[in-house]
Each structure stands twice: as structure tokens, then as C-alpha cells.
Amino acid sequence: SKKKQILIMSRVGTTSKHKGWAQIHLLNSKVISGYKIIINTGNSKIDNATKTSLLSEFAKNNISIEFVSSISESEKTKMMRESSFLFFATEFEGLGMPPLEAISLGTNVLCSDLPVLRETGDGYYCFFDNKSLNIDEQISNALHKEIGEESILEFYNKFNMESVSKSLIVKLKERIKK
């Protein structure tokens with residue numbers, strides 16, 4: 001069962017626009033009052049001033065924050081499976097593995113509205129505009145979206161090794177013909 005927690009995967013740290021630190025404040029919403037946000041920083045370090053500022057800002061809406069780093073793959077999977085949704089803010093992305101992992105574990109995704117994420121997750125992910133000032137509606141959608149077993153299986157079949165390989169071969173053949 002899902003806990004009242006939201007997971008953020010950010011392996012790069014606070015100085016990177018790439019991983020959407022500028023959008024974290026959008027989660028500071030009464031919609032998730034009483035929730036805990038877990039920020040997985042990977043191997044990155046977040047300075048104490050930034051931590052203190054985030055903790056203070058989010059506490060005003062009764063939202064706690066836990067910072068974790070250097071966790072095992074099994075710990076990450078457990079956190080992702082138990083979370084209400086994965087928050088994946090990014091300015092640009094190659095593929096976006098954390099959202100793929102989240103959906104395969106039955107966890108909703110709230111992510112930046114980027115073409116590459118639409119390509120992989122349209123119909124599965126909830127999207128927000130990086131320039132938004134308020135995403136309460138999108139947060140609510142991510143909390144309440146139902147992911148049934150059929151959707152997970154359909155999603156898995158779309159991205160298993162065999163189907164991805166076939167798709168890649170087709171695209172490579174198309175490029176060679178050009």
C-alpha cells in the first residue's frame with residue numbers, strides 16, 4: 001500500500017537546472033499537507049543552508065522532508081513502490097529512467113511536460129509546465145490517478161527489451177534509407 005510520501009530523484013544536486021531544483025517549491029502545496037517528501041540525492045551533497053531553507057518553507061504547509069543519499073537499488077525500489085508518486089522535474093531529458101521505473105512499480109509520476117517524457121509516458125504520467133506557478137491540480141491528479149495491473153503490463157510490454165530493440169531496428173533502418 002502507498003504511504004503519504006512523495007519521492008524526488010535528484011542525483012545532480014542543487015546547482016543543476018537539469019534536474020529541476022527550481023521546480024521543487026511547486027510541491028509546497030496544501031494538497032499534500034501531512035505528507036513526507038523524500039529527496040534522493042544519489043551521491044550529491046546538499047548544503048545545510050539549502051536543507052534548512054527547504055525544511056522551514058515546507059513545514060509551513062505541514063510537509064516534512066527527508067534527504068537520503070547513496071541508497072541501494074533495493075532501498076530505492078522499496079521507496080518508489082511505497083510512494084504516492086514520483087516527482088520528476090527536469091529541464092531536459094534523454095529518456096527519463098526514474099518515471100519508467102515508477103510506473104513499472106505501480107507508482108504514479110508527476111513530471112515536467114517535455115516531448116521525450118510525453119513520448120514515453122503519455123497516458124501514464126501526469127504532466128506540469130516547468131513555468132507554472134501553481135500545480136495543485138496536477139498534484140491532485142498524481143495522487144488520485146489509478147494505475148491498474150493491466151496498465152502496468154501494457155506499459156512494461158511497451159518498454160521491455162524485445163519491443164525496444166524492434167523499435168530501434170525500425171528507426172535505424174529508416175535513417176539508413178534517408
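The structure reproduced in this document is the subject of the present report. The model shown is predicted, which means the values in this text are computed figures rather than measured ones. (Residues numbered from 1 in each chain as written. Predicted model: local features only at pLDDT ≥ 70, side-chain atom pairs only at ≥ 80, totals over all residues. Heavy atoms only, no water.)

Ordered in space as 3-2-1-4-5-6, the six strands form an open sheet in which the pairing is parallel. A single partner strand is all that each edge strand has here, and the edge strands are strand 3 (64–68) and strand 6 (126–128). Ignoring strand direction, the axes of neighbouring strands in this sheet form an average angle of 20°. Pairing of strand 4 (residues 85–88) with strand 5 (residues 108–112) involves four bridges; the strand directions are parallel. Among the inter-strand pairings, F85 is bridged to a residue of strand 5, identified as N108. Relative to strand 1 (residues 5–9), helix 2 (residues 73–82) is tilted by about 135°, and along the sheet it contacts strand 1, strand 2 (36–40) and strand 3. (Pairing = 2+ DSSP bridges. Helix = DSSP H or I, 4+ residues; strand = E, 2+ residues; numbered from the N terminus. Axes fitted to C-alpha atoms, helices over the stretch in contact; angles between N-to-C directions. Contact = heavy atoms within 4.5 Å.)

Of all five residues in strand 1, five are buried, a share of seventy percent or more. On strand 1, burial covers both faces: Q5, L7 and M9 on one face and I6 and I8 on the other are all buried. In the sheet, strand 1 pairs with strand 2 via five bridges, with the strands oriented parallel. The residue of strand 2 that forms the bridge with I8 is I39. Looking at chain direction, strand 1 and strand 4 are connected through three bridges and run parallel. Its bridge partner being in strand 4, L7 is matched across the sheet by L86. (Buried < 20%, exposed > 50% of the residue type's maximum accessible area, 1.4 Å probe, protein only.)

Taken by themselves, the reported measurements are silent on function.
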